[in-house]
Amino acid sequence: MDIIVTRNAAIHMLKHNVFPREIHDAGKDTARVLVRRGRDIYFLYAKTPAGRRLAILLFKRPAGFFAKSAHEMMPSEKRLYQKKRKTRRNDEADEKEGA
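As the structure is a prediction and not an experimental result, all values here were calculated from the model.

> Can you help me understand the overall build of the chain in this one?
Helix and strand counts for the chain come out as three helices and five strands. Starting at the N terminus and ending at the C terminus, the chain contains elements arranged as β-α-α-β-β-β-β-α. Put simply, the chain has 99 residues, and 35% of those count as buried. For the chain, the proportion of contacts with a sequence separation of at least 24, taken over those separated by at least 6, is 45%. Here the chain has roughly 6600 Å² of accessible surface; of this, 52% comes from carbon and sulfur atoms.

Following this line, the structure appears as structure tokens:
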């Protein structure tokens, strides 16, 4: 998943100690969880290669997904991330058994 980080968004994310490179890395995480929160609003929950778990606010536009903000996951977000990953893994295992 390609994520576009604008200059203003990067400056804002630095206030949360999140670097643009981490956003791009999190978008490549194979275990990422994308949750729709509105018509064009999404939260991406993912892990960076360094092990940081990030919650990234995204806006979907015709050009792609734009990152608006990001922070380290809070405990409730970590639980959601683990639950969604577990559900997805179970679904994938069911698909393999059915094949």
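> Is there a simple way to think about the pairing of strand 2 (residues 33-36) in this case?
Strand residues, when the strand is regular, have side chains that alternate between the two faces of the sheet. Here strand 2 shows one buried face, formed by V33 and V35, and one open face, formed by L34 and R36. Inspection of the sheet shows strand 2 paired to strand 3 (residues 41-47) by four bridges, in the antiparallel sense. Looking at the pairing, V35 lines up with F43 of strand 3.

> It is not clear to me how the sheet that holds strand 1 (residues 3-5) should be interpreted in this structure. Could you clarify?
Either a parallel or an antiparallel arrangement is found when strands of a sheet pair, and the pairing is made through backbone hydrogen bonds. Pairing within the open sheet is mixed, and its five strands lie in the order 1-5-4-3-2. Of all the strands in the sheet, the pair left with one neighbour each is strand 1 and strand 2. Taking each pair of neighbouring strands and ignoring which way they run, the sheet shows an average axis angle of 35 degrees. Across three bridges, the pairing between strand 1 and strand 5 (residues 64-72) is parallel. Bridge pairing in strand 5 links I3 to F65. Its contacts with the sheet place helix 1 (residues 7-15) against strand 1 and strand 5, and it is angled at close to 15 degrees to strand 5.

Parameters at a glance
- Residues numbered from 1 in each chain as written.
- Predicted model: local features only at pLDDT ≥ 70, side-chain atom pairs only at ≥ 80, totals over all residues.
- Heavy atoms only, no water.
- Helix = DSSP H or I, 4+ residues; strand = E, 2+ residues; numbered from the N terminus.
- Buried < 20%, exposed > 50% of the residue type's maximum accessible area, 1.4 Å probe, protein only.
- Contact = heavy atoms within 4.5 Å.
- Areas by Shrake-Rupley, 256 points an atom, 1.4 Å probe, with all protein chains shown as cover.
- Pairing = 2+ DSSP bridges.
- Axes fitted to C-alpha atoms, helices over the stretch in contact; angles between N-to-C directions.

Take it as geometry only, folks, not as evidence of what the structure does.
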